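# Analysis of the macromolecular model
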Amino acid sequence: VVAGLQHPNIVTLHSIEEDGGRHFLTMELVEGRTLAAAIPAGGFSLEDLLAIAVPLADALASAHAKGVVHRDLKPANAMLDGEGRVKVLAFGLAKLAETVDSSSDTVTSDGVTGAGTLLGTVAYMSPEQVRGQAVDPRSDIFSLGVVLYEMLAGARPFGGATSPDTQAAILNAEPADLP
């Protein structure tokens, strides 16, 4: 399904490979910097935000139209090429099951998705993801809202000292008003 995504703001998947029992994807090389690296401390101006946000939302809409839910949309999974064009990366995570690395806020996978499984990066998860429930395109839209908030404010809307604190904030807290 991911290989069928054709959009100027979605990284091109060239092949799905296997080596030694491990599957991996080969994709186009996007030279530039991640959106995470590009977000200024005080956030983008509205004009700069829109120049990135509109193609980002369009890429998600295209994926959703093909039945693909990203599940890990975050600034580190979007690249800005040398001309400032956005490319959404990392569509491979959606089909994998959880393994939690206690040294990071990323929940990654080892092969099978099931009910109650967390996938994604905690700070950008939708409430459904935090609860381990099934997700659909609305979950990506929530994550896009978190990314847009960060792009405008220069800080994430939900946070905490630990991953469980961040999860609790997503479920119970209201983000600070935007500037």
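Relevant structure appears above.
In short, a report on the structure. Values in this document were obtained by computation on a predicted structure and should not be read as measured data.

How each quantity is defined
- Residues numbered from 1 in each chain as written.
- Predicted model: local features only at pLDDT ≥ 70, side-chain atom pairs only at ≥ 80, totals over all residues.
- Heavy atoms only, no water.
- Salt bridge = Lys/Arg side-chain N within 4 Å of Asp/Glu carboxyl O.
- Helix = DSSP H or I, 4+ residues; strand = E, 2+ residues; numbered from the N terminus.
- Buried < 20%, exposed > 50% of the residue type's maximum accessible area, 1.4 Å probe, protein only.
- 1 Å grid on protein atoms, 1.4 Å probe; cavity = no way out; pocket = protein on both sides within 12 Å on 5 of 7 lines; lining within 4 Å.
- Points joined across faces, edges and corners; volume = space filled by probe spheres on them.
- Nonpolar A, V, L, I, M, F, W, Y, C, P; charged D, E, K, R; others polar.
- Pairing = 2+ DSSP bridges.
- Axes fitted to C-alpha atoms, helices over the stretch in contact; angles between N-to-C directions.
- Contact = heavy atoms within 4.5 Å.
- Patch = residues over 30% accessible without salt bridge, like charges linked within 9 Å, V, L, I, M, F, W, Y side chains within 5 Å.
- Areas by Shrake-Rupley, 256 points an atom, 1.4 Å probe, with all protein chains shown as cover.

### Thoughts on the pattern of salt bridges
Side-chain pairs of opposite charge can arise whenever the charged atoms involved come near each other. Counted by the stated rule, this structure contains 6 salt bridges. In this structure, the salt-bridge partner of Glu28 is Lys87, at a minimum N-O distance of 3.1 Å. Pair noted here: Glu28 is in the loop between strand E2 (22–27) and strand E3 (32–34) and Lys87 is in strand E5 (residues 86–88), with a separation of 59 residues, a long-range link. For Glu28, a relative accessible area of 24% puts it in the partly exposed group. A residue is classified by how much of its surface remains accessible, and Lys87, at 13% relative accessible area, is buried. Residue Lys74 pairs with Asp72 through a salt bridge whose shortest N-O separation is 3.8 Å. With relative accessibility at 11%, the residue Lys74 sits in the buried group. In the salt-bridge network here, residues are joined through shared partners; they are Asp81, Glu83 and Arg85.

### Details of the environment of Leu80
Structurally, Leu80 is set in strand E4 (residues 78–81). The exposure class assigned to Leu80 is buried, which follows from its relative accessible area of 9%. When the C-alpha positions of Leu80 and Ala37 are compared, they lie 9.5 Å apart, and in sequence the two are 43 residues distant.

### Regarding empty space enclosed by the protein
Tallying each qualifying case throughout the model produces 1 cavity of 30 Å³ or more. For the largest cavity, the calculated volume is near 50 Å³. Lining of the largest cavity is provided by Val2, Ala3, Leu5, Val11, Thr12, Leu13, Met27 and Phe91. For the lining of the largest cavity, a count of residues per class yields 7 nonpolar, 1 polar and no charged.

### Here's the deal with the sheet that holds E5
As a general point, the strands of a sheet are linked pairwise by backbone hydrogen bonds and lie either parallel or antiparallel. Taken in spatial order, the 3 strands line up as E3-E4-E5 in an open sheet, and their pairing is antiparallel. Either end of the sheet is taken by a strand with one partner, and the two such strands are E3 and E5. Ignoring which end each strand starts from, the neighbouring axes of this sheet average 30 degrees apart. Sheet topology places E4 next to E5; 3 bridges connect them, and they run antiparallel. Opposite Leu80, over in E5, you have Val86 as the bridge partner. Strand contacts of helix H2 (residues 46–65): E4 and E5, with the helix running at about 30 degrees to E5, the strand carrying the most contacts.

### Things to note about unusual backbone geometry
Leaving glycine out, the prevailing phi sign among residues is negative, and the prevailing peptide bond configuration is trans. Unusually for a residue other than glycine, Arg71 sits at a positive phi of about 75 degrees. Assignment of secondary structure puts Arg71 in the loop between H2 and E4.

### Some remarks on a nonpolar patch on the surface
A cluster of nonpolar side chains, Ile16, Leu25 and Met27, forms an exposed patch at the surface whose accessible area comes to about 250 Å². Looking at the element boundaries, Leu25 is found in strand E2. A relative accessible area of 32% means that Leu25 is categorised as partly exposed.

Purely geometric stuff here, so don't read any function into it on its own.
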